[in-house]
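Notes for the structure review
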Amino acid sequence: MNPVTFEITHVCKQSGARTGILHTPHGDVETPMFMPVGTQATVKFLSPEELYAMNAGVVLANTYHLWLRPGEDVLREAGGVQKFMNYKGPMLTDSGGFQVFSLSDTRKISEEGVTFRNTLNGDILFLSPEKSIQIQNAIGADIMMSFDECIPYPATRDYAEKSMLRTLRWAERGKNANERPDEQALFGIVQGGDYDDLRYYCAEKLVEMDFPGYAIGGTSVGEDKETMYRMVKWSQEKLPVDKPRYLMGVGAVNDLLEAVSLNIDMCDCVLPTRLARHGTLLTSHGRINIRKAMYKHDFSPLDEKCDCYCCRNYTRAYLNHLFRTEEGFGTRLLSIHNVRFLLRLMEDARRAIHEDRFNDFKQETLAQMKFDERGF
């Protein structure tokens, strides 16, 4: 029996976008949803209690970083990542593959797995599909990811095909290695670069393996928006309607709304807290940089449409002061706002789908927000 199941609750008559409920061992979550990233078992500057209170739903943790620190033995002894960090909701772990493959200067890929250097102390480490699942079983998140290769863009067809076929073999090995299939759901990951037939083939073969959910990888790696959306569209066309679809590493507003249009149920990104650390805020009118002098005497709320703790209690002038004086409370407030902003965006998207007006909502939202092509 799959520990994670999915049900569709409504399909928008105007757009075909869908809402659903993801049932997990740690609670039910409405989709489509944005998932905050807690790389090292913490979303930067936010407490787990705050995340839960702001309706965060699923939170991510990073397999590679938790493997290095504190180690899988500590997490197993703690009873899993939720107990370790005191988060009451569902969690998801990536496979560690993206971090490993980003170490292009030190890693060596073979059929068995990847050899690379520990970024903390230089030790030689080896990560295979089986080892990735072993670590994720110890971390204990509700949803795990298959070990795959995230290839760069652009990539030759020959490389993309060989990598995709290896990813399929690794997916099967990882599925066989899962020691907790009744407690932790393992998702397969569609790869294939910017080649429609490779993505179709990869999706079809993963479906034959019958995973409880599917992720789309290999996007947001330097390609333009049109190419990215094309890769997502190809990947999802061959996936089953009644299982969740997760687009990995996407958090820009226009990307999130496009993903919803393409029947994606789950997205994640480090974007909201990363922007906050640099003084950048997402608002209903577009992004602003709170460090600018124009906000020194601005005693209005950050975003009059936002219901977050920051917007309910503090002004732009105060946030400007905190950030210009390098007070940590400022970064915390900005992080709270940005995370809640994207969570609320998806709540509004779900409401629009239920009202059969998602296309209108998407158009209205993008028209109100003056952002650059990255969608920040």
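The notes below deal with the structure included here. Fair warning: this is a prediction, and the values are worked out from it, not measured in the lab.

1. Here we look at the sheet that holds strand β9 (residues 124-127)
Judged by pairing direction, the sheet is antiparallel, and its three strands sit side by side in the order β7-β8-β9 without closing on themselves. The open sheet is flanked by β7 (108-109) and β9, the only strands paired with a single partner. Examined bridge by bridge, β7 and strand β8 (residues 114-117) share two bridges and lie antiparallel to one another. Residue pairing for β8: K108 is matched across the bridge by T115.

2. So, the packing of helix α10 (residues 253-261) against helix α15 (residues 358-368)
Running from amino to carboxyl end, α10 crosses α15 at an angle of 170°, the nearest separation of the two axes being 11 Å. When the axis of α10 is compared with that of α15, the two are roughly antiparallel. Judged by residue contacts, V253, N254, L257, E258, V260 and S261 of α10 engage F358, F361, K362, T365 and L366 from α15. When grouped by side-chain class, the residues that make up the contact of α10 with α15 number six nonpolar, three polar and two charged.

3. Looking at the sheet that holds strand β3 (residues 27-31)
Reading across the sheet, the three strands line up as β1-β2-β3 and stay open at both edges, with antiparallel pairing between neighbours. A strand with exactly one partner marks an edge of an open sheet, and here the two such strands are β1 (5-11) and β3. The average undirected angle you get between the axes of adjacent strands in this sheet is 20°. Bridge count for β1 against strand β2 (residues 18-24) is six bridges, and the pairing is antiparallel. Looking at the pairing, V11 lines up with R18 of β2.

4. With respect to unusual backbone geometry
Look at the link from R69 to P70: it is a cis peptide, with omega at 10°. As for its placement among the helices and strands, P70 is situated in the loop between α2 (63-68) and α3 (72-78). Here the phi dihedral of N86 falls at roughly 60°; this positive angle occurs in a residue that is not glycine. With respect to the helices and strands, the residue N86 is situated in the loop between α4 (81-85) and β6 (91-93). The phi torsion at S220 lies on the positive side, around 55°, for a residue other than glycine. Turning to its location among the elements, S220 is positioned in the loop between β12 (214-216) and α9 (225-237).

5. Topic: α15
Given 3.6 residues to a turn, an α-helix orients residues that are three or four positions apart in the same direction. Residues F358, F361, K362 and T365 constitute the buried set of α15. An end-on view of α15 places all buried positions within 100° of arc, on one side of the element. Relative to its buried face, α15 has exposed residues pointing more than 90 degrees away, namely Q363 and A367. Contacts from the buried residues of α15 go to α10 and α14 (328-354).

6. With respect to the environment of G193
One can find G193 in the loop between β11 (185-190) and α8 (196-209). G193 gets classed as buried once you look at its relative accessible area, which sits at 9%. Separated by 32 residues in the primary sequence, G193 and E161 have C-alpha atoms spaced 8.3 Å apart. The contacts of G193, once residues within four sequence positions are left out, are I151, R199 and M231.

Definitions and cut-offs
- Residues numbered from 1 in each chain as written.
- Predicted model: local features only at pLDDT ≥ 70, side-chain atom pairs only at ≥ 80, totals over all residues.
- Heavy atoms only, no water.
- Pairing = 2+ DSSP bridges.
- Helix = DSSP H or I, 4+ residues; strand = E, 2+ residues; numbered from the N terminus.
- Axes fitted to C-alpha atoms, helices over the stretch in contact; angles between N-to-C directions.
- Parallel < 35°, antiparallel > 145°, perpendicular 65-115°, else oblique.
- Contact = heavy atoms within 4.5 Å.
- Nonpolar A, V, L, I, M, F, W, Y, C, P; charged D, E, K, R; others polar.
- Buried < 20%, exposed > 50% of the residue type's maximum accessible area, 1.4 Å probe, protein only.
- Arc of directions from axis to C-beta.

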